[in-house]
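Listed below are the residues making up each chain.
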Amino acid sequence: MSALNRNTRRRLNKLQQTSSVWEGDRRPLSVIGNNHQQPDGEGHNDCILWVDGSEGIVRAMDLVSPTMGPEAIVRALMQAMEHPQSPARPARPSKIVVRNREIQFFLRGVLQGLDIGIDYVPNLPLIDELFRGFEEMAATRQPQLPPKYADLLIEKAYEIWHEAAWEVVADHQIISIELNRWDIETLYVSVMGMLGMEYGVLLYRSWDSLKRFRSSVLADDSWEKMEQAFLGQDCLFLTFGRFGDDTEDEDEEDDIDLADLPVSEIVPGFGTVHPLEGMRPYLYEEEAIAIYVALEAIQRFVHDYHEELDDENLPKIGKRYRIRVPLESKSTVNVKINTHPDLADELLEMAIESEEDDFDSESMTIPLRDDLVPKDAFLKLGMMSWEAIESIRSGVKSYQSQNIKAIGEGMPVILIQTTRPKAQVLIEQIETAGGLKGICFNSGEDPFEGTRYDLGIIQTENSSLYLLGEFSETDTNHAAAREQWEEGCENQGYCGLVIARGLAGASRGNPKPRDMMALFEARSLSTTDLGIAILKAEPSITEPPF
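Residues numbered from 1 in each chain as written. Predicted model: local features only at pLDDT ≥ 70, side-chain atom pairs only at ≥ 80, totals over all residues. Heavy atoms only, no water.

## Re the sheet that holds strand E13 (residues 332-339)
Piece 1. Taken together, 8 strands build an open sheet; the order of strands is E11-E10-E9-E8-E7-E6-E13-E12 and the sheet is antiparallel. Each of the sheet's edge strands pairs with one partner strand only, and the pair in question is strand E11 (278-280) and strand E12 (318-324). Strand after strand, the sheet turns through a mean of 25° between neighbouring axes, direction not considered.
Piece 2. Of the pairings in the sheet, the one linking strand E7 (residues 184-192) to strand E8 (residues 199-204) comprises 5 bridges and is antiparallel in character. Bridge pairing in E8 places Val-191 opposite Val-201. (Pairing = 2+ DSSP bridges. Helix = DSSP H or I, 4+ residues; strand = E, 2+ residues; numbered from the N terminus. Axes fitted to C-alpha atoms, helices over the stretch in contact; angles between N-to-C directions.)

## Brief notes about the pattern of salt bridges
Piece 1. In total, this model carries 25 salt bridges according to the counting rule given.
Piece 2. Between Arg-26 and Asp-46 there is a salt bridge, with its nearest N and O atoms 3.1 Å apart. With Arg-26 in strand E1 (residues 21-28) and Asp-46 in strand E2 (residues 46-52), the pair connects residues that are 20 residues apart, well separated along the chain. Asp-46 carries the same exposure label as Arg-26, and that label is buried.
Piece 3. Asp-128 is the salt-bridge partner of Arg-27, the closest N and O atoms lying 2.5 Å from each other. Pair noted here: Arg-27 is in strand E1 and Asp-128 is in helix H4 (residues 125-140), with a separation of 101 residues, a long-range link.
Piece 4. Judged by its relative accessible area of 10%, Arg-27 falls in the buried class.
Piece 5. Among the residues examined, Asp-128 registers a relative accessible area of 18% and is labelled buried.
Piece 6. Three or more residues are tied together by salt bridges with common partners; here these are Asp-25, Arg-27, Arg-99 and Asp-128. (Salt bridge = Lys/Arg side-chain N within 4 Å of Asp/Glu carboxyl O. Buried < 20%, exposed > 50% of the residue type's maximum accessible area, 1.4 Å probe, protein only.)

## A look at the packing of aromatic side chains
Piece 1. Per the counting criterion, the structure on display carries 9 aromatic pairs.
Piece 2. Residues Tyr-188 and Trp-207 carry aromatic rings whose centres are separated by 6.4 Å and whose planes lie at 50° to one another, so their mutual orientation is tilted. Of the two residues, Tyr-188 is situated in strand E7 and Trp-207 in helix H6 (residues 207-219); the sequence distance between them amounts to 19 residues.
Piece 3. Assessed through its relative accessible area of 14%, Trp-207 is described here as buried.
Piece 4. Taking 5.2 Å as the distance between ring centres and 45° as the angle between the ring planes, the aromatic pair formed by Phe-301 and Tyr-305 counts as tilted.
Piece 5. A relative accessible area of 0% means that Phe-301 is categorised as buried. (Phe/Tyr/Trp six-rings, centres within 6.5 Å; stacked < 30°, edge-to-face > 60°.)

## Comments concerning a nonpolar patch on the surface
Piece 1. A cluster of nonpolar residues, Phe-230, Leu-231 and Met-279, forms a patch on the protein surface that exposes about 240 Å² of accessible area.
Piece 2. Mapped onto the elements of the fold, Met-279 is located in strand E11.
Piece 3. Judged by relative accessible area, Met-279 falls into the partly exposed class, the value being 44%. (Patch = residues over 30% accessible without salt bridge, like charges linked within 9 Å, V, L, I, M, F, W, Y side chains within 5 Å. Areas by Shrake-Rupley, 256 points an atom, 1.4 Å probe, with all protein chains shown as cover.)

Here it is in structure tokens:
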């Protein structure tokens, strides 16, 4: 059994001891949270309460996993004493009563030296009343999904996850679905996930709503205006999250790509946003039917036209489907689904203009951008044989040629390996910028840490500079690869950038030919060509990139 250390006991003994009697208990509370978001009933469904029975106030409440040991009760008690909920003030009780013998014996051992009595009672009137209130609230709470459609929608959501439409459709490549049922004429669909950040399907009730929201996001206004823009949307949505993500470290969670996780950790969520209703994390019956039919149409469409949609430019495709209305055996609906290259071009142009405006406003003070290469990408510097280069040239969809002659052992290249959706976005960003102009290495230093770096930099044809990666100058492996790189560039003045998928698979670090997605041949640039000197970290930056 763990015990409080001496410092903690001294700290607690300094608190004012009141004559109050506190009630404490831990009970299952599965009514908190949505059952569809907790696999096999697991999750945060034990509730720990500490209440001041004399004053009738809750001092601490915590939701924990059923697998957590009795130490969780002590942690909640510590909070009740030192950091209680308002209006209570820090204090130490003279007596604690519990209705569980195991909890009583555990607390007696842990709380020795604090002059707190711990007694057993069969009933806890105040806590009993609180839990009855919780249960009454849960009984009247709107479920996330209408019960008779819940299983159907959850099953359909996982089918959408497995179909992974975001691998072939970017969020700006809008698809329309004509329903003409359930007070919905046409839904404009935006599929999220190609960036590897957020996954889901947004179904806007009008094109104006979608365009207005995108414009607000690209304007990069204040949080207040962003919140107003978010709540001003008019759409249904299906999003995907991770089981238990509320307990994960936020910084670690930001680096996780859901596509790299097993499906057992993925949880779907449904809801709607409306300018007058705000965000509602649940659906009514007609909304549930409409979103089910729309998701079924999307699933069929992506399955039927997967190869066509995987093209760099969104093709014009139209298709009609007859879809059975769920739980209505003789009822079907005719659905018309179309791609809209014109709308996709309009949204993409808005994004490009926004990026150019951002770069123009920062170019006088920030010589280098770091928003091109995915943060979790695998980078490798080295020489690639001419045989391998020829294989890539003929096998990838995206190839930028410089008519380089085969001189020496091979071509100096930098390999970027990431997930397929992120690789596709990276390729599109380079192509949108006019292609790759050149690659350069430049020295950088962090005067606050006293460290120096070898910075890989790429320049696109629109003269933008991007950080490719930073390498420690004390890394002997990088030093050897860099020397080989320089020798290869001196022979022909050109180099290559290879982009591959398969980051999370068995080919990580050593992509196979089928994993190669792009080859950009470009000039080998010097720091003189770019007109930059040693790059230094600014005081506001805590770590590279610069």
